[in-house]
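Now for the letters of each chain:
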Amino acid sequence: MDDINLHYRFLNWRRRIREIREVRAVRYQERYKRMLKNGDTLSYQGNSDEVGCYVAPRPLSKGNCYFEVTIMDTGVRGTIAVGLVPQHYKLDHQPGWLPHSIAYHADDGKLYNGNPVGQQFGPKCNRGDRIGCGIYADTSDAGLVTVFFTKNGKEVGSVVVPVAPDGLFPAIGMHSLGEEVRLDLQAEWGSEEEDSVMMVDSHEDEWARLYDVRVSGTLLEYVGKGKSIMDVGLAQARQPLTTRSHYFEVEIVDPGEKCYIALGLARRDYPKNRHPGWSRGSVAYHADDGKIFHGSGVGDQFGPRCFEGDIMGCGIMFPRDYVLDYEDEMDDWDAADVRPKQGRVENLLYLNDEDEEEGDDPEQEHEGRKVMLVGVGHSSSQMF
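Rules used in this analysis
Residues numbered from 1 in each chain as written. Predicted model: local features only at pLDDT ≥ 70, side-chain atom pairs only at ≥ 80, totals over all residues. Heavy atoms only, no water. Helix = DSSP H or I, 4+ residues; strand = E, 2+ residues; numbered from the N terminus. Buried < 20%, exposed > 50% of the residue type's maximum accessible area, 1.4 Å probe, protein only. Polar contact = N/O pair within 3.5 Å; in protein donor to acceptor, adjacent residues only side chain to side chain. Contact = heavy atoms within 4.5 Å. Pairing = 2+ DSSP bridges. Salt bridge = Lys/Arg side-chain N within 4 Å of Asp/Glu carboxyl O. Phe/Tyr/Trp six-rings, centres within 6.5 Å; stacked < 30°, edge-to-face > 60°. Core = buried A, V, L, I, M, F, W, Y, C linked by side-chain atoms within 4.5 Å.

Going by the annotation in an unreviewed UniProt entry, the name recorded for the chain is SPRY domain containing 3, with Cyprinus carpio carpio given as the source organism.

Here is the structure:
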């Protein structure tokens, strides 16, 4: 009798083991709809009227807290979303549209946080860009976790969200013909050395002066009143352009009411309530009228007007014999000095300046040759 009972107990134990394995197999199974998965490549297979969605088999965890998606093809509209969702998320909705989900959308640069209406968050993403998503596992507290997003290895921004009981699962959404991505669920992310000291996607401490401008990851947003000519917002970088880093770009993600956005160069002590280009020691290209302002409140026709999605750039073409002292020590710009050597390039920022007072100290004029990057907004505008 004891042998029979032992046999039944053994059979029950084996059945229980099998049931547990079956449950785990179902639990950790990837789910996708209107997508074709070929290795690590996902491609949209719908008719552009319906959403396709992929949900990874396992949630992010402390040991695996980040993943990346490389956009291989934006298709017709580039409506690609990357984010986190609950395990049993509805596969006919983009990540971020439904409660307890969050996603960064490539086509408009918006963050969708459990709502079909997104908020401006970062730059748009195109073919070849890498979109990453991760969690700061050490910030998890009382059912909340900090989720962050990256573009090409640079952090765009972060937000605190509630954690679903089963965790947050990597998810990719697509919504138009031809869209294709490559998925890396084992990607790693950490602090990478900046390619340029003038990258706009720096943190707030990389800006020497911020006046009526808010920094959120890679985004600069004007937060002033915008009611008078004095209500100008200013964002001035901490470090100047150099022979090693002589160019920068800004993408207009939201032109605001009138696209009063100016991009250019200015001296370090430039007035905070003046657009670059309006006062001495500055030059700037203005997006709203396509004019260039060169130390004067009156601009000259220069180029086309700029609109949402346009990328404005500015740089310096240094002569070969132009040398900046202490260029290797630009981490502390306040302590650095810029001294053009013999055969130096002449700073033309002051040459058409009628406000320059006669008899200025030559040393003061020499100090004015320090040029700094300036990006500003003068309406409810946003820039990357």
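Caption draft 1: How the structure looks around the side chain of Ser-101. Tracing the backbone through its elements, the reader meets Ser-101 in the loop between strand S6 (81-85) and strand S7 (102-105). On the accessibility criterion, Ser-101 (2% relative accessible area) is buried. At a separation of 2.5 Å, a polar atom in the side chain of Ser-101 contacts the main-chain carbonyl oxygen of Leu-98. When neighbours within four sequence positions are excluded, Ser-101 is seen to be in contact with Leu-84, Val-85, Pro-86, Tyr-89, Pro-95, Gly-96, Tyr-112, Asn-113 and Gly-114.

Caption draft 2: Up close: the pairing of strand S3 (residues 41-44). Note: strand S2 (residues 35-38) against S3, 4 bridges, orientation antiparallel. Bridge assignment links Asn-38 to a residue of S3, and that residue is Thr-41. The turn joining S2 and S3, which pair antiparallel and follow one another in sequence, is formed by 2 residues; a positive phi near 65° is taken by Gly-39. Bridge analysis of S3 against strand S14 (residues 179-184) gives 3 bridges, and the strand direction is antiparallel. Bridge assignment links Leu-42 to a residue of S14, and that residue is Val-181.

Caption draft 3: The sheet that holds S7, seen in detail. Here we have 7 strands laid out as an open sheet, ordered S1-S4-S13-S6-S7-S8-S9, and antiparallel in their pairing. The open sheet is flanked by strand S1 (31-33) and strand S9 (119-120), the only strands paired with a single partner. The sheet contact formed by S1 and strand S4 (residues 52-55) spans 3 bridges and is antiparallel. Across the sheet, the residue bridging to Arg-31 is Val-55, located in S4.

Caption draft 4: How the structure looks around the pattern of salt bridges. What the rule picks out here adds up to 6 salt bridges. A salt bridge links Asp-129 to Lys-151, with the nearest nitrogen and oxygen atoms 3.8 Å apart. You can see Asp-129 sitting in the loop between S9 and strand S10 (130-141) and its partner Lys-151 sitting in strand S11 (residues 144-151), a full 22 residues away along the chain. Lys-151 matches Asp-129 in its accessibility class, with the two residues each being buried.

Caption draft 5: Quick look at unusual backbone geometry. Phi is positive for His-100, close to 65°, though the residue is something other than glycine. As for its placement among the helices and strands, His-100 is situated in the loop between S6 and S7. Relative accessible area serves as the criterion here: at 53%, His-100 is assigned to the exposed category.

Caption draft 6: Molecular detail of the pairing of strand S12 (residues 154-162). Where S11 meets S12, 8 bridges bridge the pair, whose relative direction is antiparallel. Of the residues in S12, the one forming a bridge with Val-147 is Val-159. Hairpin connection of S11 to S12: 2 residues between the antiparallel strands, including Asn-152 at a positive phi of 55°.

Caption draft 7: Region of the structure containing the packing of aromatic side chains. Throughout the structure, instances matching the rule amount to 7 aromatic pairs. Aromatic side chains Tyr-104 and Phe-149 sit 6.0 Å apart centroid to centroid with 65° between the ring planes, which places their arrangement in the edge-to-face category. Placement of the pair is Tyr-104 in strand S7 and Phe-149 in strand S11, with a sequence separation of 45 residues. Phe-149 shares its class with Tyr-104; the two are buried. Ring centres of Phe-121 and Phe-149 lie 5.9 Å apart, and the angle between their planes is 85°; this geometry places the pair in the edge-to-face category. One end of the pair, Phe-121, is in the loop between S9 and S10; the other, Phe-149, is in strand S11, with 28 residues separating them in the sequence. Every member of this aromatic cluster is reached through a ring pair, and the members are Tyr-66, Tyr-136 and Phe-148.

Caption draft 8: Region of interest: the nonpolar core. Formed by 31 residues in total, the largest nonpolar core has its most connected members in Leu-42, Phe-67, Leu-84, Val-147, Phe-149, Ile-172 and Met-174. In this structure, Leu-241, Phe-248, Ile-252 and Tyr-285 belong to the second largest nonpolar core, which totals 14 residues.

Caption draft 9: Here's a closer look at the side chain of Ser-48. Take Ser-48: it is sitting in the loop between S3 and S4. By relative accessible area, Ser-48 is classed as buried at 14%. At 2.9 Å, the side chain of Ser-48 and the backbone nitrogen of Leu-177 are in polar contact. Apart from the residues within four sequence positions on either side, Ser-48 is in contact with Arg-77, His-175, Ser-176 and Leu-177.

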